[in-house]
Amino acid sequence: MTDTIETHTMAALVDNEAGVLARVVGLFSGRGYNIESLTVSEVDADNNLSRINIVTSGTPMVIEQIKAQLDRLVPVHRVADLTVDGEHIERELALLKVRCSGEKRVESLRIADIFKAKAVDATDRSFVFEITGSTSKINAFAELMEPLGLIDISRTGIAAISRGPDEL
């Protein structure tokens, strides 16, 4: 069925200059497309280039429109739909603050150990855990921390890159 909503991860190589991110985000908001995750970072200082990773969803036709419209923006050098271009790796970083005491403290440390999360801050009443992995891993960790006293979460969004020797 062609009206099925799909989630895609796209990467764009863009000029690292003021206003580029606003133009890319404007393309999405102006057409009613949703951005589920957005990360931006300079990747080539010598050539003044940044990489934008965008996770979005829509029908296959909408995804193609997004890719084509991104490709036409002047400061965009290349666009790749990592979801269809081949195997890729996605990771996300999150910081989770858990307020707990007594047995819940012990349980939160036990779960953090299972998920390979690291306690990066601790007080007598709270922990801040750092966890890296897939979005589903972070969601599962947060879900388990909820009844133990999860009070705050900060997430980076998806960082993604294609597998193999080819560049963006």
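Higher on the page you've got the structure.
Report follows, based on the coordinates. None of these values were measured; they are calculated from a predicted model. (Residues numbered from 1 in each chain as written. Predicted model: local features only at pLDDT ≥ 70, side-chain atom pairs only at ≥ 80, totals over all residues. Heavy atoms only, no water.)

**A short note on the packing of aromatic side chains**
In step 1: Inspection of every chain in the model, using the stated rule, returns 4 aromatic pairs.
In step 2: A centroid spacing of 6.3 Å and a plane angle of 80° characterise the contact between Phe-28 and Tyr-33, whose relative ring orientation is edge-to-face.
In step 3: Given a relative accessible area of 15%, Tyr-33 falls into the buried group.
In step 4: Taken together, a centroid distance of 5.3 Å and an interplanar angle of 55° make the contact between Phe-115 and Phe-141 tilted. Remark: Phe-141 occurs in helix H5 (residues 135–145) and Phe-115 occurs in the loop between helix H4 (103–114) and strand S6 (118–122); sequence separation between them is 26 residues. With respect to class, Phe-115 is no different from Phe-141; both count as buried.
In step 5: An aromatic cluster of at least three residues, connected via ring pairs, comprises Phe-115, Phe-127, Phe-129 and Phe-141. (Phe/Tyr/Trp six-rings, centres within 6.5 Å; stacked < 30°, edge-to-face > 60°. Buried < 20%, exposed > 50% of the residue type's maximum accessible area, 1.4 Å probe, protein only. Helix = DSSP H or I, 4+ residues; strand = E, 2+ residues; numbered from the N terminus.)

**So, the sheet that holds strand S2 (residues 35–44)**
Working definition: the strands of a sheet are paired by backbone hydrogen bonds and lie parallel or antiparallel to each other.
In step 1: Across the sheet, 4 strands lie side by side as S2-S3-S1-S4; this open sheet has antiparallel pairing. If you trace the sheet from one side to the other, it starts and ends with S2 and strand S4 (76–81), each paired once. Within this sheet the neighbouring strands show an average axis-to-axis angle of 20°, counted without direction.
In step 2: With 8 bridges connecting them, S2 and strand S3 (residues 49–58) associate as antiparallel partners. Bridge pairing in S3 places Val-40 opposite Ile-52. (Pairing = 2+ DSSP bridges. Axes fitted to C-alpha atoms, helices over the stretch in contact; angles between N-to-C directions.)

**Re the environment of Asp-46**
In step 1: Relative to the assigned elements, Asp-46 resides in the loop between S2 and S3.
In step 2: Residue Asp-46 is classed as exposed on the basis of its relative accessible area of 78%.

**With respect to the pairing of strand S7 (residues 126–133)**
In step 1: In terms of burial, S7 is largely enclosed, as 6 of its 8 residues are buried.
In step 2: Here strand S5 (residues 88–99) runs beside S7; their pairing, made up of 8 bridges, is antiparallel. Looking across to S7, one finds that Leu-93 is bridged to Thr-132.
In step 3: Across 4 bridges, S6 lies against S7 in antiparallel orientation.

**Concerning the pattern of salt bridges**
In step 1: Enumeration over the complete set of coordinates arrives at 3 salt bridges.
In step 2: In this structure, the salt-bridge partner of Arg-163 is Glu-87, at a minimum N-O distance of 3.2 Å. Taken together, the residues Arg-163 in the segment after strand S9 (159–162) and Glu-87 in the loop between helix H3 (82–85) and S5 connect sequence positions 76 residues apart.
In step 3: Residue class for Arg-163 comes out exposed when judged on its relative accessible area of 52%.
In step 4: Taking relative accessible area as the criterion, Glu-87 reaches 58% and is therefore assigned exposed. (Salt bridge = Lys/Arg side-chain N within 4 Å of Asp/Glu carboxyl O.)

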